[in-house]
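A structural walkthrough
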Protein chains: 2
Amino acid sequence: MKFGGTSMAGSERIRRVANIVRRQQAAGHEVAVVVSAMAGETDRLVNFCREANPLYDPAEYDVVVASGEQVTSGLLALTLQALGCQARSWLGWQLPIHTDDAHAKARIEGIDSEALLASMAAGEVAVIPGFQGLSDANRITTLGRGGSDTSAVAVAAAIGADRCDIYTDVDGVYTTDPRIVAKARKLKYVTYEEMLELASVGSKVLQTRSVSLAMKEGVRVQVLSSFIDDDSAPSDEIPGTLIVSDEELEGLDMERQLITGIAADKNEAKLILTRVPDRPGAVATIFGPLAAANINVDMIIQNVGRDKGETDVTFTVPGADLLRAQTLLEAQKEAIGYNRIITDGKVAKISVVGVGMKSHAGVAATMFRALADRGINIQAISTSEIKVSVLIDEDETELAVRVLHTAYGMDATDQAA
Amino acid sequence: MKFGGTSMAGSERIRRVANIVRRQQAAGHEVAVVVSAMAGETDRLVNFCREANPLYDPAEYDVVVASGEQVTSGLLALTLQALGCQARSWLGWQLPIHTDDAHAKARIEGIDSEALLASMAAGEVAVIPGFQGLSDANRITTLGRGGSDTSAVAVAAAIGADRCDIYTDVDGVYTTDPRIVAKARKLKYVTYEEMLELASVGSKVLQTRSVSLAMKEGVRVQVLSSFIDDDSAPSDEIPGTLIVSDEELEGLDMERQLITGIAADKNEAKLILTRVPDRPGAVATIFGPLAAANINVDMIIQNVGRDKGETDVTFTVPGADLLRAQTLLEAQKEAIGYNRIITDGKVAKISVVGVGMKSHAGVAATMFRALADRGINIQAISTSEIKVSVLIDEDETELAVRVLHTAYGMDATDQAA
């Protein structure tokens, strides 16, 4: 079980979490719990580090920020004990959770689970701070912001857990953002690949790294809400959304939909370089400098220009990198040989995702027709194995998502569905 | 060097501390620094523990409260780095600082200093969180409130430090409380024994345990202020008060005073049991139950009663234990056979302390005459090797301290003395 910062924010909420944990143990499960710091605490600690030293040593930064999860793990153990559960905390350096030495963005290399398993078998709830580990140099490391999801999946893999339940402030993964589409349906199942595509395009329920790790290690992950605190005994039925492999899903979900979900990402910006010479190597002179500057380029479209031997190149970068990308490319104007740069920060990427998507043709055709019927202009298109994405005007984001949700027959027939 | 919570409260103050440390290093010293949590932080964490579980497991309590010093040690290392010093934090479990397993009140058993000494010899400032250690069971322990002074002395002993400088919010140890006597003088030297007597009777500059440890390990301790931040190069001259052995003091301070300091303690309460049968074992029936209830009895006076075969017994207990002591003794009324209990919570103990005190007679005579001249009534007297204490009415505390400070010739002749 993993609980995020909102669930751990203060004594009252920790008591609620302890109750959820206690009920799982009472139902006969051996339980390990991974916790985040109280909401706001990591920001407070990061701020202290910045004030101490703007160019902070990540090893000391880790000493400071890892304390937030240390506090909540001790407090959850204490609260569980108050409810009559045996419980103890296991800090990252105590297990230990081995990581590389890339402080502030470390990767987990392995977890010694022997003591943990013995403690759980003896009836103790194991409480483990997320986000932290230990380097070979015996120093505290942290996994980068949001790393507690990854900690939870890694612990679940290390102890061979039947399931990794990640409690959040939403009750599952939806076909699309319910704030945009009232008729969005909660998915009972989703595959790792679909979850990755949905996460990377804006449905930030889980940290992407944790989903990749779950896929690699075959950990069954459930996303569910920590704010549903009913007193019914827990069962093995799934109140949230279960994230599983494609193979398991085939056995579980007979009536699969073509499309699993629709995601929107407003955090995109478009650049067009006009009249780029249409010769070998021209594109490399554009994207080489961007890659060197660690700017991720997402969609790329090359249009045939009006004049022979020239072409317009359109591509997208994260909105936060737009100015940096533009400055870099202006410095390279001579080398690339383009005419001018047109930028647009007000674009959105809409993606339809589904492993059931046998061929893109049908999915794409439905998409283009539905958008065209509402006069929404498509500025760029890209596809992956299980996804078709289009770039549109940011103002039309919500309209596009609603139109597509209906077009693919995903609207819930009633609120309870 | 050790810095308390007030000195570590916030980025600005930590920068001031870092400057003090940097100047010591620049003067050619190898430096280890022990830090407290930010002022108020430990209270905040203790409060979380209480909310989680009023009967908290001290092992988990230690996990939570030790985080405060972890944060400040990382922040001081970061701040020192910002000033161009090499620095790193060494947490209690990293050195480790071995303690017994008495969680929340652990005792230090030893410190592995090898890595610490190597790091310091390589030019790194070692930053060590106070208050925390590691048990044989590989769990975090804490030393009890105020334990950081003890940590500092233990680290100084382990690395064979020339001196342990404890920076506080006062600039040294005074002949008496300067808030009571404006002419109180700062002492240049004081012995461990004197410091213990002064501390245990109310001059709470250092934690008593840390002074005992310094005496046992022969660590020279200096108390000085962290709020004097002059930019003059540090020298080996002593701006604060140096606490040393009796032997060292004889060499240092040729013109020793008879009396080193005067302490007042209002945290006392007096009980009188009247007409206790004057027979063997009677006193045991009074103090046995108090000892069993962990109530410390300090001064004891037995007066001959008016009637033959009976006596009045007067004694003092900590003010906080007065009601408990009274209740216990009332339950034992039959067994003890006294007539009635008279209690007085409004008393104060005034002590004159000094290793130079060759015999008590002269010191006591001066004391009694000076107090009598001002009409201050002495309710009880007790003496130790280096101390004479009297119990008086609490309202006369400040008057008595001023009168005695003058009587022993301790008043400063000018403010600079």
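Values in this document were obtained by computation on a predicted structure and should not be read as measured data.

What counts as what
Residues numbered from 1 in each chain as written. Chains lettered and ligands numbered in written order. Predicted model: local features only at pLDDT ≥ 70, side-chain atom pairs only at ≥ 80, totals over all residues. Heavy atoms only, no water. Helix = DSSP H or I, 4+ residues; strand = E, 2+ residues; numbered from the N terminus. Rg over C-alpha atoms; globule rule 2.2 N^0.38 Å. Buried < 20%, exposed > 50% of the residue type's maximum accessible area, 1.4 Å probe, protein only. Contact = heavy atoms within 4.5 Å. Areas by Shrake-Rupley, 256 points an atom, 1.4 Å probe, with all protein chains shown as cover. Lys, Arg positive; Asp, Glu negative; His and termini not counted. Charge placed at Lys NZ, Arg CZ, Asp CG, Glu CD. Least-squares fit on C-alpha atoms with pLDDT ≥ 70 in both. Domains from an automatic or database assignment. Salt bridge = Lys/Arg side-chain N within 4 Å of Asp/Glu carboxyl O. Polar contact = N/O pair within 3.5 Å; in protein donor to acceptor, adjacent residues only side chain to side chain. Nonpolar A, V, L, I, M, F, W, Y, C, P; charged D, E, K, R; others polar. Disulfide = S-S within 2.5 Å. Expected span 1.5 Å × (residues − 1).

Secondary structure summary: chain A contains 14 helices and 18 strands in total. The C-alpha atoms of chain A give a radius of gyration of 24 Å, which matches the 22 Å a tight globule of 417 residues would have. Taking the principal axes of the C-alpha coordinates as reference, chain A spans close to 80 × 55 × 35 Å. Across the 417 residues in chain A, those meeting the buried criterion constitute 53%. For chain A, the proportion of contacts with a sequence separation of at least 24, taken over those separated by at least 6, is 74%. Carbon together with sulfur atoms contributes 48% to the accessible area of chain A, which is approximately 17700 Å² in total. Between the centroid of the 40 positive side chains of chain A and the centroid of its 57 negative side chains there is a distance of 5 Å.

As a further point, take the relation of the copies chain A and chain B. Once chain A is rotated about the relating axis by 180 degrees and shifted along it by 0.0 Å, it coincides with chain B to within an RMSD of 0.1 Å. Look at the turn and shift together and you get a two-fold axis relating the two. Closest to the rotation axis within chain A is the C-alpha of A:Ser67, separated from it by 2.8 Å.

Our focus in this paragraph is the domain arrangement of chain A. All names here are of chain A. Splitting chain A by domain gives domain 1 (2-250) and domain 2 (262-407). Contacts between the two partners involve 17 residues from domain 1 and, on the opposite side, 17 residues from domain 2. Across the contact surface, domain 1 and domain 2 share 1 salt bridge. Lys387 serves as the salt-bridge partner of Glu197, at 3.2 Å between the closest nitrogen and oxygen. Counting across the domain 1 and domain 2 interface gives 7 residue pairs in polar contact (both at pLDDT 80 or more). Ranked by residues supplied to the side of domain 1 that touches domain 2, first place goes to helix 7 (residues 192-200) with 5 residues. Among the residues making up the side of domain 1 that touches domain 2, the classes are represented as 5 nonpolar, 6 polar and 6 charged.

This part covers the state of the cysteines. Tallied over the full model, the rule gives 0 disulfides over all chains. Free cysteine: A:Cys85, not disulfide-bonded; nearest cysteine sulfur from B:Cys49 at 18 Å.

Taking 1.5 Å of rise per residue, the 16 residues of helix 1 (residues 11-26) of chain B would be expected to cover 22 Å, and the 22 Å separating its terminal C-alpha atoms lies within 8% of that figure. Residues B:Ser11, B:Ile14, B:Val17, B:Ala18, B:Ile20, B:Val21, B:Arg23 and B:Gln24 constitute the buried set of helix 1 of chain B. Tucked inside the fold, the buried residues of helix 1 of chain B contact helix 2 (41-52) of chain A together with strand 1 (2-3), strand 2 (32-35), helix 4 (67-82), strand 6 (125-129) and strand 9 (164-168) of chain B. Residue B:Gly28 follows helix 1 of chain B closely and has a positive phi angle near 100 degrees.

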